[in-house]
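An overview of the molecular structure
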Amino acid sequence: NWAVPKATGLSVEEMARRVDAGLRRECWFVTGRSLPELFSSAFTFSDPQVTLAGIEEYSRGVRSFYKQGSAVGEIVCTAATAPDTITVIWRNFGTVNLGPGFDLAPYLVTTTLKTSASDGGLIV
């Protein structure tokens, strides 16, 4: 539900707990089934290959990138690592939908999520 009310006013520690619980339940880094209530409308994602604006665009992109039911994301740990930073270490493996598709060997990923006090403590 993209229109769910935002969970503003959380400390970075509480936000990290919610991110961890959500990722362990749905690993949206692979499934695309994110928790929109934790993300600001100003959220952006970028890596060397792509830049996406908004949690809905990110979630749809992730869902199409990974072969659902084959790709796996396993959360190793999630922590508030600075006053506005949540760090997630996770294991990624399985099949991606690039070209004819190919399997990723297991590897560890570090994802850094930034929060913004001016956006109610939401992930930007």
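Everything in this summary refers to the structure shown in the same document. (Residues numbered from 1 in each chain as written. Predicted model: local features only at pLDDT ≥ 70, side-chain atom pairs only at ≥ 80, totals over all residues. Heavy atoms only, no water.)

A word on the side chain of Thr 85. Mapped onto the elements, Thr 85 comes out in strand β4 (residues 85-96). Under the relative-accessibility criterion, Thr 85 is labelled buried at 6%. A distance of 3.0 Å separates polar atoms of two side chains, one belonging to Thr 85 and the other to Asp 84. Residues contacting Thr 85, with those up to four places away along its chain left out, are Val 12, Ala 79, Ala 80, Thr 112, Leu 113, Lys 114 and Thr 115. (Helix = DSSP H or I, 4+ residues; strand = E, 2+ residues; numbered from the N terminus. Buried < 20%, exposed > 50% of the residue type's maximum accessible area, 1.4 Å probe, protein only. Polar contact = N/O pair within 3.5 Å; in protein donor to acceptor, adjacent residues only side chain to side chain. Contact = heavy atoms within 4.5 Å.)

Structurally, Thr 31 can be placed in helix α2 (residues 28-31). A polar atom in the side chain of Thr 31 sits 2.5 Å from the backbone oxygen of Glu 26. For Thr 31, the contacting residues outside a window of four places in its chain are Glu 26, Val 62, Arg 63 and Gln 68.

Purely geometric stuff here, so don't read any function into it on its own.
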